[in-house]
Amino acid sequence: MQDLFGRSINYLRLSITDRCNLRCRYCMPADGVPPLGHDAILSYEELLRVARLAVQLGVRKIRVTGGEPLVRRGVVDFVAALCALPERPEVVLTTNGLLLADYAADLARVGLARVNVSLDTLRPERFREITRREGLERVLAGLAAAEQAGLAPLKLNMVPIRGVNEDEIIDFARLTLRHPWEVRFIEFMPFGQGLDYPADRRLPAPRILEELSRLGLLLPVSRVGNAGPARLYRYADSVGQIGVIPAISGHICSECNRLRLTADGRIRPCLLGDQEIDLRQLLRAGAGDEELCQALLGAVCAKPERHRLGDGGQVRNRRPMTGIGG
Ligand code: SAM
Ligand code: SF4
């Protein structure tokens, strides 16, 4: 699928639930978001149908996300079904890692290729402060289980926030000296809506790079294929890699290759724009495959050339990140 700006769209992100077992301050209010009713969420059959058609149209990679995808019952069978689609798309998953130790081996067995684990601190106290829950030990156990299961290379996502965890950037970078992991630093996107950290807490990518350089000379790593939005680096003696994702400050829109499906069945052409196309309504009104494919192609054509956020601006998305999946 090609969009109006010549970009090839071959990556689909599926949010399978809006629920989560953490309450990260930059993502969720303390009481959580009012959960979508059972009927509002797409069933696994509906998600699979959309995935199958998207793959027929050229999608080659599918990410399962949420909310926290591992809290939805039946997730292993769903991943198995995605992996078994005739075109054998690459299936990956993003998780906060809390339940990963329980699921890593089964997910690997059914064909999951890799996991991205989101972790913003290596300090138990701070973990409690950022996520409003306990669990650092379990996440670390999850990382070990994922490695053991061969879900490699492991990617770790950290969102550095000014005055919260920016002093741990070096600690996270140091992990790449011992582990063959890709440790990725994602620019904080201030989503507003009563969440805890305002826009001025965003650490722009150049500041993240400056901090990383304190550990040693950062050597750029050339990117192969569609490496996604991360700019890759390594230190002379590292076994892993560093990724920096300039989500807002960078000019990464020209490389965008993705569509997102929200847990309640809306296709979002752009993470940072509120336009959505209601697939759930079509699915439940008995639309045929042809009609659904037209809707998917319509979403591809609706992808904007780039996001319109002013530098340092608050993202005014109506939908919280938990419903979109990052
Ligand atoms: N619960 C899973 C997790 O945390 O990995 C998957 C969903 S979560 C919404 C996906 C990613 O979005 C996580 O890496 C999280 O850190 C990131 N995220 C959430 N809110 C964000 C924000 N305001 N700015 C930047 N990244 C954010
Ligand atoms: Fe949950 Fe992930 Fe959002 Fe944290 S970032 S509250 S783990 S969905």
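Residues numbered from 1 in each chain as written. Chains lettered and ligands numbered in written order. Predicted model: local features only at pLDDT ≥ 70, side-chain atom pairs only at ≥ 80, totals over all residues. Heavy atoms only, no water.

### Some points on the pattern of salt bridges
Pairs may arise between side chains of opposite charge once their charged atoms sit close together. Taken as a whole, this structure holds 26 salt bridges when the rule is applied. In this structure, Glu-129 and Arg-25 form a salt bridge, with 3.6 Å as the shortest nitrogen-oxygen distance. Separated by 104 residues along the polypeptide, Glu-129 in helix α4 (residues 124-131) and Arg-25 in the loop between β1 (11-15) and α1 (44-56) bring together distant segments of the chain. Of the residues examined, Glu-129 reaches a relative accessible area of 44% and is grouped as partly exposed. Among the residues examined, Arg-25 registers a relative accessible area of 17% and is labelled buried. The residue Asp-167 makes a salt bridge to Arg-123 at a minimum N-O spacing of 3.7 Å. Residue Asp-167 is found in the loop between β5 (155-158) and α6 (169-178), and its partner Arg-123 is found in the loop between β4 (114-118) and α4; the two are separated by 44 residues along the sequence. What you see here is one network of salt bridges that share partners, running through Arg-123, Arg-126, Asp-167, Glu-168, Asp-171 and Arg-174. (Salt bridge = Lys/Arg side-chain N within 4 Å of Asp/Glu carboxyl O. Helix = DSSP H or I, 4+ residues; strand = E, 2+ residues; numbered from the N terminus. Buried < 20%, exposed > 50% of the residue type's maximum accessible area, 1.4 Å probe, protein only.)

### Considering unusual backbone geometry
Residues Ala-152 and Pro-153 are joined by a peptide bond in cis, for which omega reads -5°. Assignment of secondary structure puts Pro-153 in the loop between α5 (136-148) and β5. In this model, Arg-132 sits at a positive phi of 60°, which is unusual for a non-glycine residue.

### Concerning the state of the cysteines
Scanning all chains against the criterion turns up 0 disulfides. The thiol of Cys-253 is not disulfide-bonded; the next cysteine sulfur, from Cys-270, is found 6.4 Å away. Overall, the relative accessible area of 17% leaves Cys-253 in the buried class. (Disulfide = S-S within 2.5 Å.)

### As for the pairing of β5
Side-chain alternation along β5 places Lys-155 and Asn-157 on one buried face and Leu-156 and Met-158 on a second face that is also buried. As judged from the 3 bridges shared by β4 and β5, these two strands associate in the parallel manner. By the bridge assignment, Ser-118 is partnered in β5 with Asn-157. Crossover handedness for the path β5 to α6 to strand β6 (residues 182-186): right-handed. (Pairing = 2+ DSSP bridges. Right-handed = clockwise from strand over helix to strand, strands pointing away.)

### Examining the nonpolar core
Judged by nonpolar contacts, the single largest core of 102 residues is most densely connected at Leu-14 and Leu-212. Sort the elements by how many residues they give to this core and α1 lands first, with 7 residues. Residues in contact with Leu-212, not counting those within four places in the same chain, are Ile-169, Ile-170, Ala-173, Phe-185, Leu-218, Tyr-235, Ile-242 and Val-244. (Core = buried A, V, L, I, M, F, W, Y, C linked by side-chain atoms within 4.5 Å. Contact = heavy atoms within 4.5 Å.)

### Some words on the site of ligand 1
Around ligand 1 sit 18 residues, and of these Tyr-26, Gly-67, Thr-94, Ser-118 and Met-189 come closest. For ligand 1, an oxygen atom lies 2.9 Å from a polar atom in the side chain of Tyr-26. In isolation ligand 1 offers 550 Å² of accessible surface; the protein chains occlude 94% of this area. Residues belonging to the shell around ligand 1 are distributed by class as follows: 6 nonpolar, 10 polar and 2 charged. (Near = heavy atom within 4 Å. Polar contact = N/O pair within 3.5 Å; in protein donor to acceptor, adjacent residues only side chain to side chain. Areas by Shrake-Rupley, 256 points an atom, 1.4 Å probe, with all protein chains shown as cover. Nonpolar A, V, L, I, M, F, W, Y, C, P; charged D, E, K, R; others polar.)

### Observations regarding the site of ligand 2
In the neighbourhood of ligand 2, the contacting residues comprise Cys-20, Leu-22, Cys-24, Cys-27, Met-28, Gly-67, Asn-96 and Thr-322. For the shell around ligand 2, the class distribution of residues is 5 nonpolar, 3 polar and no charged.

### Focus: the pairing of strand β9 (residues 241-245)
The side chains of a regular strand alternate between the sheet's two faces. With respect to burial, β9 is a largely interior element, 4 of its 5 residues being buried. Here β6 pairs with β9 via 5 bridges, running parallel. Note on β9: the bridge partner recorded for Ile-186 is Ile-245. With 3 bridges connecting them, strand β8 (residues 231-234) and β9 associate as antiparallel partners. Bridge assignment links Tyr-233 to a residue of β9, and that residue is Ile-242. Counting the residues between successive antiparallel strands, the hairpin from β8 to β9 contains 6 residues.

### Some words on the packing of aromatic side chains
Taken as a whole, this structure holds 3 aromatic pairs when the rule is applied. Each ring, one from Tyr-44 and one from Phe-78, has its centre 4.7 Å from the other, and the planes form 20°; the classification is stacked. Of the two residues, Tyr-44 is situated in helix α1 and Phe-78 in helix α2 (residues 75-83); the sequence distance between them amounts to 34 residues. When its relative accessible area of 16% is taken as the criterion, Tyr-44 is described as buried. Summarising the aromatic geometry, the rings of Phe-188 and Tyr-197 are spaced 6.4 Å apart at their centres and angled 80° between planes, so their arrangement reads as edge-to-face. Both residues of the pair, Phe-188 and Tyr-197, belong to the buried class. One aromatic cluster is present, formed by Tyr-26, Phe-188 and Tyr-197 through successive ring pairs. We note Lys-61 situated over the ring of Tyr-11; from NZ or CZ to the ring centre the distance is 4.6 Å. If you follow Arg-72 out to its NZ or CZ, it ends over the ring of Tyr-44, 4.0 Å from the centre. (Phe/Tyr/Trp six-rings, centres within 6.5 Å; stacked < 30°, edge-to-face > 60°. Lys NZ or Arg CZ within 6 Å of the ring centre and 35° of its normal.)

Purely geometric stuff here, so don't read any function into it on its own.
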